[in-house]
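Observations on chain architecture
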Amino acid sequence: MKFGIIGAGTIGSIISKKLVENGHDVKIADARAIGLEGKKLAGTPVRVEDAIKNIDVLIISLPTKAMSSIRNMIDQVGEDVIIVDTSNYYPFRDDKIKEIENGMVESVWVSIQLGRPVIKAFNNLLAYTLENEGTTVDSSERIAIAVSGDDTSHKQAVIDVVFELGFDAIDSGSLSDSWRQQPGTPAYCTELTKDELTKALKKANKEKAPLLRDKVMEIFAEKKDVKFSHEDVVNLNREIYNS
C-alpha cells in the first residue's frame, strides 16, 4: 500500500519505520514546513503537499490543536483515501478546546476540523510500545490497539495494517465511540491483550476520563525529577485509569 504521513514526530516516525519494514511505500512530511534534512527517517521525506498525492492511506500524527492548520491540504486529498487520526487531546499542550472541554469526542472534533471522516487508531499505545513490543501472530500476550470509525471498509483496512505491524486490533465502534480509547480511560496506554482491551473499552467512564488524565499528568509534574521507566508509566496508567 501507499502511505502518506503528516507529522514527523515520535509516533509518525515510528509508524513510518514499521510500515517501511513491512514493504510499504511511505512518504512522510513535517506539517510545520520545517526541513527534515539530517533527521533519520524511514520512508521518503517530502513536503506536505506531496505527502497527500498518490496514496491509499493518509496518517495524521499531529497535536490536536494543529488539525485546523492543515484543512486546506486535506481538501485536496482524494475521496477514496483513508484518513487516520492518531492524536490525543491534552489541554496543557493543545490549549483548551471549548468543544472538547464541553464533551465533544476528540476525533469527532478532529474530523470536523479536517472536513473529512477519519479512523481513530494508534493513539492508545505509548511510543515505546509501538516501536518495540509488536509480536508474532501466535503470541498469547500480543498487545492490542483500538480502532474506531464510521466507514466499515476503511476501518477494516486499518485493522489489517495494525495486525501486520505486530499488534492485535479491536473494532472499538463508531467515531463517536472513540472516547473509550481517549486519555484517562482504562484502554489508554495500559498495554492490554485483545481480551483485556475489550473489557477495558466497556469499562470506560466518559465523565471521569479527563479527571484521571489530568491526575496522571499532575503526578508526572510533581515528580519531574524522577526518571520513570516505561514499565513505571504503564503501571501508573493502569492504577489511575482503572480507579
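Up top is the structure.
What follows is about the side chain of serine 172. Counting through the fold element by element, serine 172 comes out in the loop between strand E8 (168-171) and helix H9 (194-203). At 2.8 Å, the side chain of serine 172 forms a polar contact with the side chain of glutamine 181. Among residues more than four places away in sequence, those in contact with serine 172 are Ala146, Val147, Ser148, Asp177, Gln181 and Leu201.

The alternating pattern of strand E5 (residues 82-85) places Ile82 and Val84 on one face and Ile83 and Asp85 on the opposite face, and all of these are buried. Sheet topology places strand E4 (residues 57-60) next to E5; four bridges connect them, and they run parallel. The partner of leucine 58 across the bridge, within E5, is isoleucine 83. The pairing of E5 with strand E6 (residues 119-120) spans two bridges and is parallel. Paired with valine 84 across the two strands is isoleucine 119, which belongs to E6.

Let us look at empty space enclosed by the protein. Considering all chains together, one arrives at one cavity of 30 Å³ or more under this definition. Approximately 50 Å³ is the volume found for the largest cavity. Lining the largest cavity, in full, are Met1, Phe3, Val57, Ile59, Ile82, Val84, Phe122, Ala157, Val158 and Val161. Residue assignment for the lining of the largest cavity shows that the elements contributing at least two residues are E4, E5 and helix H8 (152-164). At three residues, H8 tops the list of elements feeding residues into the lining of the largest cavity.

Quick notes on the rules
- Residues numbered from 1 in each chain as written.
- Predicted model: local features only at pLDDT ≥ 70, side-chain atom pairs only at ≥ 80, totals over all residues.
- Heavy atoms only, no water.
- Helix = DSSP H or I, 4+ residues; strand = E, 2+ residues; numbered from the N terminus.
- Polar contact = N/O pair within 3.5 Å; in protein donor to acceptor, adjacent residues only side chain to side chain.
- Contact = heavy atoms within 4.5 Å.
- Buried < 20%, exposed > 50% of the residue type's maximum accessible area, 1.4 Å probe, protein only.
- Pairing = 2+ DSSP bridges.
- 1 Å grid on protein atoms, 1.4 Å probe; cavity = no way out; pocket = protein on both sides within 12 Å on 5 of 7 lines; lining within 4 Å.
- Points joined across faces, edges and corners; volume = space filled by probe spheres on them.

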